[in-house]
Amino acid sequence: METQVAQLREHGYVVVPRFVAGDRLADLNRVARAELGARAEPLEFEADLRYPGAPESRSAAGGETVRRLLGAYDRDPVFARSATTEGLHDWMEAYFGERTLMSRAHHNCLMTKHPLHGSLTGWHRDIRYWSFAREDLVSVWLALGAEEIDNGALWFVPGSHRMEFAGDRFDAAKFFRSDRADNAAILRSMHSPRLAAGDAVFFHCNTLHSAGRNQSDAVKFSLVFTYHAAANLPTPGTRSASMPEVAL
Ligand SMILES: O=C(O)CCC(=O)C(=O)O
């Protein structure tokens with residue numbers, strides 16, 4: 001665990017192999033498929049974000065393609081348990097050095113990437129989703145099936161969580177502008193770790209990452225939760241402070 005924590009600090013992400021296995025992984029896959037089949041709200045649709053490859057609107061072909069099943073923690077005890085395991089508790093305390101909370105305000109979702117109508121996600125830092133006293137949050141992305149370049153796996157820029165960028169390196173939606181030569185030079189070191197079913201990638205909220213489209217013939221399922229130190233408070237009045245957090 002210490003080596004993984006050191007890798008996260010150094011590179012901004014680390015793969016934790018076999019984070020979940022056996023019956024627990026089978027249960028997660030069963031619940032994930034049932035949740036997608038039931039299409040219970042709250043849902044986020046590809047058409048809502050309109051990233052490259054997404055349908056133009058909810059009424060266009062594929063317009064009802066789900067991107068995120070939100071509120072994963074409260075959807076099913078199987079999801080809740082996987083967000084708050086003893087292993088995660090110990091890991092996060094080793095990283096943060098204190099009591100850890102899980103934010104319900106972003107991620108906290110089952111992400112699906114569909115072969116048809118699933119979009120690609122441009123380079124960004126997840127801190128754009130939150131407002132906290134310190135930019136120090138860690139997300140855990142659990143692959144319920146294999147994730148590789150061809151089915152839309154994540155790409156990361158090693159060490160980018162520690163880089164400082166002026167605001168104009170990002171566009172209005174806070175995507176890192178790959179049309180700029182200085183940004184393109186940074187992106188040259190990008191890497192896409194292959195994940196087997198049950199592997200997780202832990203990554204810092206300032207790590208630049210992106211993901212491609214799913215060119216396989218199967219939906220990709222990933223469960224994503226985000227953690228922060230209890231003393232690192234969400235800014236009052238923001239979305240980050242709008243939902244009760246979960247103690248690990
Ligand atoms: O699977 C993807 O398209 C990437 C998702 C992502 O990076 C995010 O939601 O922050």
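Calculation rules
- Residues numbered from 1 in each chain as written.
- Predicted model: local features only at pLDDT ≥ 70, side-chain atom pairs only at ≥ 80, totals over all residues.
- Heavy atoms only, no water.
- Helix = DSSP H or I, 4+ residues; strand = E, 2+ residues; numbered from the N terminus.
- Rg over C-alpha atoms; globule rule 2.2 N^0.38 Å.
- Buried < 20%, exposed > 50% of the residue type's maximum accessible area, 1.4 Å probe, protein only.
- Contact = heavy atoms within 4.5 Å.
- Lys, Arg positive; Asp, Glu negative; His and termini not counted.
- Charge placed at Lys NZ, Arg CZ, Asp CG, Glu CD.
- Axes fitted to C-alpha atoms, helices over the stretch in contact; angles between N-to-C directions.
- Parallel < 35°, antiparallel > 145°, perpendicular 65-115°, else oblique.
- Left-handed = near helix turned anticlockwise from the far one by under 90°.
- Nonpolar A, V, L, I, M, F, W, Y, C, P; charged D, E, K, R; others polar.
- Near = heavy atom within 4 Å.
- Polar contact = N/O pair within 3.5 Å; in protein donor to acceptor, adjacent residues only side chain to side chain.
- Pairing = 2+ DSSP bridges.

### Points about the overall build of the protein
Argument step 1. Along the protein, the regular secondary structure elements total seven helices and 12 strands.
Argument step 2. Against the 2.2 N^0.38 benchmark of 18 Å for 248 residues, the protein shows a C-alpha radius of gyration of 17 Å, consistent with a compact globule.
Argument step 3. Seen through its C-alpha atoms, the protein measures out along the principal axes to roughly 50 × 45 × 35 Å.
Argument step 4. Considering the protein as a whole, with its 248 residues, one finds that 52% of them fall into the buried category.
Argument step 5. Residue pairs at least 24 apart in sequence account for 83% of intrachain contacts in the protein once pairs closer than 6 positions are excluded.
Argument step 6. Side-chain charges of the protein comprise 28 positive and 31 negative groups, with the mean position of each set lying 3 Å from the other.

### Thoughts on unusual backbone geometry
Argument step 1. For the peptide bond that leads from Glu41 to Pro42, omega is 0°, which places it in the cis range.
Argument step 2. Mapped onto the secondary structure, Pro42 falls in the loop between helix H2 (22–38) and strand E2 (43–45).
Argument step 3. If you check the backbone angles, Arg39 has positive phi at about 50° while not being a glycine.
Argument step 4. Within the secondary structure, Arg39 sits in the loop between H2 and E2.
Argument step 5. For Arg39, a relative accessible area of 35% puts it in the partly exposed group.

### Observations concerning the packing of helix H1 (residues 2–11) against helix H6 (residues 86–96)
Argument step 1. Close contact between H1 and H6 brings their axes to 10 Å; oriented N to C, the two are set at 50°. When the interaxial angle is binned, H1 and H6 end up oblique. When you trace H1 past H6, the crossing you get is right-handed. When H1 is examined against H6, the residues Gln4, Val5, Leu8 and Arg9 are found in contact with a partner set consisting of Trp91, Ala94 and Tyr95.
Argument step 2. Class assignment for the residues of the contact of H1 with H6 results in five nonpolar, one polar and one charged.

### Here we look at the site of the ligand
Argument step 1. Among the 13 residues in the neighbourhood of the ligand, the closest are listed as Arg68, Lys113, Thr121, His124 and Tyr129.
Argument step 2. Between Arg68 and the ligand, the recorded distance is 2.4 Å, taken from a side-chain N or O atom to an oxygen atom.
Argument step 3. In this structure, an oxygen atom belonging to the ligand sits 3.1 Å away from a side-chain N or O atom of His209.
Argument step 4. Those elements that place two or more of their residues in the shell around the ligand are strand E3 (66–70), strand E5 (109–113), strand E6 (121–124) and strand E10 (209–211).

### Section: the sheet that holds E6
Argument step 1. Pairing is antiparallel in the open sheet, where three strands are placed in the order E6-E10-E8. Each edge of the sheet is formed by a strand with only one pairing partner; in this case those strands are E6 and strand E8 (154–156). Each strand axis lies, on average, 15° off the axis of its neighbour in the sheet, ignoring direction.
Argument step 2. Both E6 and E10 contribute to a ladder of two bridges, which runs antiparallel. Pairing of His124 across the sheet is with His209, part of E10.

These figures come from the coordinates and say nothing about function on their own.
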